[in-house]
Amino acid sequence: MDFLKDIYGDYKSYIGKMAEISGWVRSLRVSKNFGFIVLYDGTFFKTIQIVFEEDLENFKELSKVTIGSSLIVSGTIVESPGANQDFEMKASSVKIINIADQDYPIQKKRHTLEYLRTVAHLRPRTNTFTAVFRIRSLLAFAIHKFFVEKGFVYVHTPIITGSDAEGAGEMFKVTTLDLLNTPLNEEKNIDYSKDFFGKEANLTVSGQLAVENFCWAYRNVYTFGPTFRAENSNTQRHASEFWMIEPEMAFADINDNMSVAEEMIKYIFGYILESAPEEMEFFEKFIEAGVIEKIKRIVDSEFKRITYTEAIDILEKSGEKFDFPVKWGIDLQTEHERFLTEKHFNAPVFVIDYPKEIKAFYMKMNKDNKTVAAMDLLVPGVGEIIGGSQREEDHTALKKRIEEMGLNEEDYWWYLDLRRFGSVVHSGFGLGFERLIMYLTGMKNIRDVIPFPRTPNSAEF
RNA sequence: UCCUCGGUGGCUCAACGGCAGAGCGGGUGACUGUUAAUCACUAGGUUGUAGGUUCAAAUCCUACCCGAGGAGCCA
C-alpha cells in the first residue's frame, strides 16, 4: 500500500511506477468512456485524481459509485495534463470496498458549518474539518514538545475533583446517588456522605490549584487536559467541555510568566506553520484571508505589555464611544479588549496589574495594595486567550484574601499548606486550547474546533 | 440568562394573506481530459411544534422548541 503523504513528499520518484492507494471518494466526474475520481486517503490533506477508462472490467459499476464510497485503486502514477495537480493515477484496477448509501449527507458542494455540526460524526471527512482537527492534533503535540524541551514535567491533575473551590466557574456534579431518592441529612440537604466519594464531587474547572503543588517538587510543571464549566454561556468562544494548558513555575514572577507565555505562543505557531503548510493554505484561501501573514507576524513580533492603569488611560483618551463607560476599577469589557488589541495595538498585548476586586483570591498583591499581579493576553479576533498571575506565596496574606473574598478557609487547607512548607515566588497561567486553534485557523466558532462539542443543551454524539 | 434575527424538498434559498418554486444533491440518459465538469429528463413537501385570527395562512397573532449573531461569565 502507498500513502499520499509519501507520494506528495516526492512525487517525481513515483512517476511511471505502479502504486496502490486506498481511500474514500470525495468527487466523481464521468464521461462515456472515462472518468475522474478525487480520492483522499487520510494520510495527507491533499487528494489524488484517479483517471479510469472503459477498459476497466468494472467501468460501469465504478462510474456509479457515490461520494464517500471506499476504494482500493492500483495504477500508474503519471504527470497530469490538468492544471490543478502535478500528478495523477491512471487506474489499472479498482476494487470497490463499500458503496456509500445515496443519502450520504456530505455533498460535493459547500455546506454551512451549522449544518455540518448536525452531522458531526461525518464532518471530519470534509476539507475544513480534516484540516482543523489535524491542526488540533499537531498543536497539542507542539505544546508538549515546547514544555518538555524546557524541562517542564507534565502533571495529570484530576478530572473528578473533591474540591468545589477551584474558583473558576459553575461546576458539574459527579454523583451516583439516586436522583429520585436522594438521602437527606438532618438539615434536609443532600447527604453527600452517602455518595460514591463520601463527599461532594465535581468535574474540574481548572487544574491550577492542583498543579501548583507539583511546583514544589519539579519547579516547572504543566497540566494539559479537559476542563468543564456548567455556565449557561452561549457564545462562539465558550464550551462546557474544553481543554486548557496550565503551566506553573516556581521562582518565577509575573515577568517570567509573560516571557514563557510569549515564547510558547511563538514556538507552537512556528511549529504549525512548518508542519501543516497545506492546511494553513486552505484556511488562508477559504476561512480567513491573511491568516498566514497574521501568524507569521506573531512569531516575529514583540508582544506589547501594559498595565491595567495604562489600558484605562488609553481607552479614556481614545475618543471611542463605548457602551460601557471606562473608569479605573471596572472590569475590561469585550469591546474594550477588542479596541486595545485590534485597533490600538493591532497585536497581542499583555495587560497586567488589575484591581484586586475583579481578580481571583490567589493572585499576588502588589505593593500599592490596590492591584494584583494578574496578566491577561489579548489577541486580535479572539480576545482573551490567556489568563494568569503571580500567585500569593505569603501564608498570612493568602489567608487574609480568602477571608476578604468570603471564601471558606477549610476548603483550601492543602493549598495554604504550600505557603507553610518552603514557600517561594511562583507564577502560572491558563491557556484556552480551543481559542488557540481558533486563532490559528481563523475558525470563528469554538463548536467547529472540537470534535464533538458540548455546549448548553447540546451533547449529541 | 438577556437582546436581535431566523426555521419552506437531502442541502442552500425564493415565494411574505390567494396554484409551494429554483439551484445544488439523488435517479435515468447524453458527452473523448474533467477540476464544485457540462447538457437533457425525472422523483422528491403535513412550510419547526401546538393553538388562534381569516372565506383563505409558509405568510398575521400567541406560546413553546431549535439554530445563528451580540452581551454577560470566562479560557
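Residues numbered from 1 in each chain as written. Chains lettered and ligands numbered in written order. Predicted model: local features only at pLDDT ≥ 70, side-chain atom pairs only at ≥ 80, totals over all residues. Heavy atoms only, no water.

K.L.:
Help me understand unusual backbone geometry in this model?
P.N.:
Where the residue is not glycine, phi is negative for most of them; where a peptide bond is considered, it is trans in most cases. Positive phi outside glycine occurs at K188, with the angle close to 65°. You can call K188 exposed: its relative accessible area is 66%. Phi at R219 takes a positive value of approximately 75°, unusual for a residue other than glycine. Mapped onto the elements, R219 comes out in the loop between α5 (208-218) and β10 (220-228). Exposure remark for R219: the relative accessible area of 46% places this residue in the partly exposed category. (Buried < 20%, exposed > 50% of the residue type's maximum accessible area, 1.4 Å probe, protein only. Helix = DSSP H or I, 4+ residues; strand = E, 2+ residues; numbered from the N terminus.)

K.L.:
Before we go on, may I ask you to explain the protein's contact with RNA strand B in this structure?
P.N.:
Around RNA strand B lies a shell of 50 residues, among which R117, T235, Q236, H238 and R435 are the nearest. Sugar and phosphate atoms represent 54% of those atoms of RNA strand B found within 4 Å of the protein. The side chain of K32 places a nitrogen or oxygen atom 3.4 Å from a phosphate oxygen of RNA strand B. Those elements that place two or more of their residues in the surface near RNA strand B are β1 (18-30), β2 (34-40), α3 (113-118), β11 (241-250), β15 (383-390) and β16 (426-432). Across the surface near RNA strand B, the residue classes break down as twelve nonpolar, 23 polar and 15 charged. (Near = heavy atom within 4 Å. Polar contact = N/O pair within 3.5 Å; in protein donor to acceptor, adjacent residues only side chain to side chain. Nonpolar A, V, L, I, M, F, W, Y, C, P; charged D, E, K, R; others polar.)

K.L.:
Can you walk me through the side chain of T441 in this structure?
P.N.:
Take T441: it is sitting in helix α13 (residues 433-441). From its side chain, T441 meets the backbone oxygen of I437 in a polar contact 2.8 Å long. Leave out the neighbours within four places in its chain, and T441 touches I135, F283, I287 and V291. (Contact = heavy atoms within 4.5 Å.)

K.L.:
So what exactly am I meant to see when it comes to the sheet that holds strand β9 (residues 201-203) here?
P.N.:
Pairing between sheet strands relies on hydrogen bonds along the backbone, with the strands arranged either parallel or antiparallel. With antiparallel pairing, the three strands of this open sheet are ordered in space as β7-β9-β8. With partners counted over all chains shown, the strands left at the sheet margins are β7 (160-161) and β8 (173-174), one partner each. (Pairing = 2+ DSSP bridges.)

K.L.:
What should I look at first to understand helix α9 (residues 308-317) in this one?
P.N.:
An α-helix turns once per 3.6 residues; consequently, residues spaced three or four apart project the same way. When α9 is considered as a whole, its buried residues turn out to be Y308, A311, I312, I314 and L315. All buried residues of α9 lie within an arc of 160° about the axis, which places them on one face of the element. Contact partners of the buried residues in α9: β12 (304-307), α10 (334-344) and β13 (349-355). Of the residues trailing α9, G319 is marked for its positive phi of about 75°. (Arc of directions from axis to C-beta.)

K.L.:
What is the right way to read empty space enclosed by the protein from this model?
P.N.:
Empty space among the atoms becomes visible once a probe the size of a water molecule is rolled across them. The tally for this structure, following the rule as stated, stands at one cavity of 30 Å³ or more. Here the largest cavity is characterised by a volume of approximately 40 Å³. What lines the largest cavity is I265, F269, I298, L377, V379, I385 and Y439. For the lining of the largest cavity, the secondary structure elements donating two or more residues are α6 (254-275) and β14 (371-379). (1 Å grid on protein atoms, 1.4 Å probe; cavity = no way out; pocket = protein on both sides within 12 Å on 5 of 7 lines; lining within 4 Å. Points joined across faces, edges and corners; volume = space filled by probe spheres on them.)

K.L.:
Sorry, what's going on with a nonpolar patch on the surface here?
P.N.:
A contiguous nonpolar surface patch, about 390 Å² in accessible area, is contributed by I159, I160, F196 and F197. Note on placement: F197 falls in the loop between β8 and β9. (Patch = residues over 30% accessible without salt bridge, like charges linked within 9 Å, V, L, I, M, F, W, Y side chains within 5 Å. Areas by Shrake-Rupley, 256 points an atom, 1.4 Å probe, with all protein chains shown as cover. Salt bridge = Lys/Arg side-chain N within 4 Å of Asp/Glu carboxyl O.)

K.L.:
Which parts of the structure should I look at to understand the packing of helix α4 (residues 127-149) against α6?
P.N.:
Angle between the axes and distance between the axes: these two values describe a pair of packed helices. Relative orientation of the contacting elements α4 and α6 amounts to 135°, with a least axis distance of 9 Å. One element, α4, and the other, α6, form an angle in the oblique class. Here α4 runs over α6; the crossing is right-handed. Across the interface between the two elements, I135, L138, L139, F141, A142, I143, K145, F146, F147 and E149 from α4 touch V260, E263, M264, Y267, I268, Y271, I272 and S275 from α6. Across the contact of α4 with α6, the residue classes break down as 14 nonpolar, one polar and three charged. (Axes fitted to C-alpha atoms, helices over the stretch in contact; angles between N-to-C directions. Parallel < 35°, antiparallel > 145°, perpendicular 65-115°, else oblique. Left-handed = near helix turned anticlockwise from the far one by under 90°.)

K.L.:
How should α6 be read in this particular structure?
P.N.:
The end-to-end C-alpha distance of α6, which contains 22 residues, comes to 31 Å, matching closely the 32 Å that a straight helix rising 1.5 Å per residue would cover. Regarding α6, its N-cap is D253, as a side-chain oxygen of that residue lies 3.0 Å from the backbone nitrogen of N255 further along. (Expected span 1.5 Å × (residues − 1).)

Just distances and angles here, no functional claims.
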